[in-house]
Amino acid sequence: MFVAEYEGGQWINPRIEPYAPIEISPALSAIHYGQSLFEGMKAHKHPDGSAYMFRPLDNLHRLNLSAERLCMPTLPKEIFIEGLQTLINLDKEWIPTHAGSALYVRPFMFATDDCIGVRPSDNYKFMVICCPANPFYSKALRVVAEEHYVRAVEGGVGFAKAAGNYGASMLPTKLAHDRGYDQIIWLDGREQKYLEESGTMNLFFVAGGKLYTPKLDGTILDGYTRASIIQLAKDKNIEVVEGRISIDELIRWAQSGTLTEGFGTGTAATVAHFSSFSYKGTEYQLLPIDQCEVSTMLAKDLNDIKSFKAEDKHGWMWKI
Ligand SMILES: Cc1ncc(COP(=O)(O)O)c(C=O)c1O
């Protein structure tokens, strides 16, 4: 694992250590007051044996946006890049090569002051750990629009990869699982009317041949799989609409037969097809995976770039 500390106003002591438990104080500020954030990225192995990462500087950008929102120090590019390079080169042989697999890379930062008291910590730790990962979902998902709980509101921390966002999502997600659904579609926190995102994925729907996705408004994560899918769709001359999509509109599209495909995008899942979505007890069917032409094509385009089968026209793959 890669480790660095923030002390006295600067990042110090970047180093590799064997993966092992770390000692923390019971008064560790991150545990009590939630100054804790993370990122998720993947490393892929080129047929020539070298390792590549997908859009890592975008992850650094997002990590630093999260850090600023949580009143934590930002991380200099050199420490992030040096950490990734050293760690991934060391762990290169752990990168699995079967279809859809990768080495999952988890950078994270947390407050380390040994202090009971609500105030920004003076000390922090940044670490990176890795593990081999298989494809995330093996089947199309039944998703349900959440009617009671909300994930984020304007002015909140929805755009940040704050650890607390994930803690807060667990109860609603468990309740949805208990009702037989695979994942939640979050609606906006103000009116519970507009689509936001789903689990650890951004949302996409295909209606009337256009690709619709909720716009970035500070309440959802600016996902890099989302950005890549939007670009790949534009490359294929598919019209992309980033906007406010209400659940009522989605239902109207489903009822009129305009709505064909729905899917989520994220580092873990890449593209996860939805078999249906539900709202207020009614389930609306989407096309089965084998008929999902748009999402299957875009998923293939993205996976072909990540597995070095297609030219990386946009410069997303970054050689370690
Ligand atoms: C809440 C949330 N939304 C969306 C995403 C997708 O983002 P990305 O494509 O950068 O992995 C993630 C995963 O990181 C997430 O945790």
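Everything here concerns the structure above.
Now for a look at the structure at hand. (Residues numbered from 1 in each chain as written. Predicted model: local features only at pLDDT ≥ 70, side-chain atom pairs only at ≥ 80, totals over all residues. Heavy atoms only, no water.)

**Quick notes on the pairing of strand 5 (residues 51-54)**
1) Next: In strand 5, alternate side chains face the same way, and those of Ala51 and Met53 on one face and Tyr52 and Phe54 on the other are all buried.
2) Next: Relative to strand 5, strand 4 (residues 41-45) runs antiparallel, the two being bridged by 3 bridges. Looking at strand 5, one finds that His44 is bridged to Tyr52.
3) Next: Adjacent in sequence and paired antiparallel, strand 4 and strand 5 are bridged by 5 residues, among which Gly49 carries a positive phi angle near 95 degrees.
4) Next: Here 3 bridges tie strand 5 to strand 17 (residues 317-319), and the two strands are oriented antiparallel to one another. Within strand 17, the residue paired with Met53 across the bridge is Trp318. (Buried < 20%, exposed > 50% of the residue type's maximum accessible area, 1.4 Å probe, protein only. Helix = DSSP H or I, 4+ residues; strand = E, 2+ residues; numbered from the N terminus. Pairing = 2+ DSSP bridges.)

**Structural notes on the site of the ligand**
1) Next: As a matter of local geometry, the ligand sits amid 16 residues, with Lys161, Tyr166, Glu197, Thr225 and Thr267 nearest to it.
2) Next: Take Arg62: an N or O atom from its side chain is 2.8 Å from an oxygen atom of the ligand.
3) Next: Thr267 is positioned with one of its side-chain polar atoms (N or O) 2.5 Å from an oxygen atom of the ligand.
4) Next: Contact with the protein chains removes 97% of the 390 Å² of surface that the ligand exposes when unbound. (Near = heavy atom within 4 Å. Polar contact = N/O pair within 3.5 Å; in protein donor to acceptor, adjacent residues only side chain to side chain. Areas by Shrake-Rupley, 256 points an atom, 1.4 Å probe, with all protein chains shown as cover.)

**Some words on the environment of Asp304**
1) Next: In this structure, Asp304 sits in helix 7 (residues 293-306).
2) Next: Its relative accessible area of 14% is what places Asp304 among the buried residues.
3) Next: Residues contacting Asp304, with those up to four places away along its chain left out, are Lys309 and Ala310.
4) Next: In this structure the side chain of Asp304 is engaged in a polar contact, spanning 2.7 Å, whose partner is the side chain of Lys300. (Contact = heavy atoms within 4.5 Å.)

**Regarding the environment of Gln10**
1) Next: In this structure, Gln10 sits in strand 2 (residues 10-16).
2) Next: Its relative accessible area of 49% is what places Gln10 among the partly exposed residues.
3) Next: Residues Gln10 and Asp122 lie 112 residues apart in sequence; the distance between their C-alpha atoms is 10 Å.

**Side note on the layout of surface pockets**
1) Next: Quantified by volume, the largest pocket comes out at close to 760 Å³.
2) Next: Along its surface, the largest pocket is lined by 33 residues, and Ala99, Gly100, Ser101, Pro135 and Asn303 are the ones closest to its centre.
3) Next: Those elements that place two or more of their residues in the lining of the largest pocket are strand 4, strand 15 (270-279) and helix 7.
4) Next: The element contributing the most residues to the lining of the largest pocket is helix 7, with 6 residues.
5) Next: Broken down by class, the residue content of the lining of the largest pocket amounts to 15 nonpolar, 12 polar and 6 charged. (1 Å grid on protein atoms, 1.4 Å probe; cavity = no way out; pocket = protein on both sides within 12 Å on 5 of 7 lines; lining within 4 Å. Points joined across faces, edges and corners; volume = space filled by probe spheres on them. Nonpolar A, V, L, I, M, F, W, Y, C, P; charged D, E, K, R; others polar.)

**Things to note about empty space enclosed by the protein**
1) Next: Summed over all chains, the structure comprises 2 cavities of 30 Å³ or more.
2) Next: If you add up the space inside the largest cavity, you get close to 120 Å³.
3) Next: Lining the largest cavity are 15 residues, and of these Tyr194, Leu195, Glu196, Asp217 and Arg244 lie nearest its centre.
4) Next: Tallied by class, the residues present in the lining of the largest cavity amount to 5 nonpolar, 3 polar and 7 charged.
5) Next: Lining the second largest cavity, in full, are Gly40, Met41, Lys42, Phe54, Asn59, Tyr224, Thr225, Thr267 and Lys306.
6) Next: Mapped by element, the contributors of at least two residues to the lining of the second largest cavity are strand 4 and helix 5 (224-235).
7) Next: In terms of residue class, the lining of the second largest cavity is made up of 3 nonpolar, 4 polar and 2 charged.

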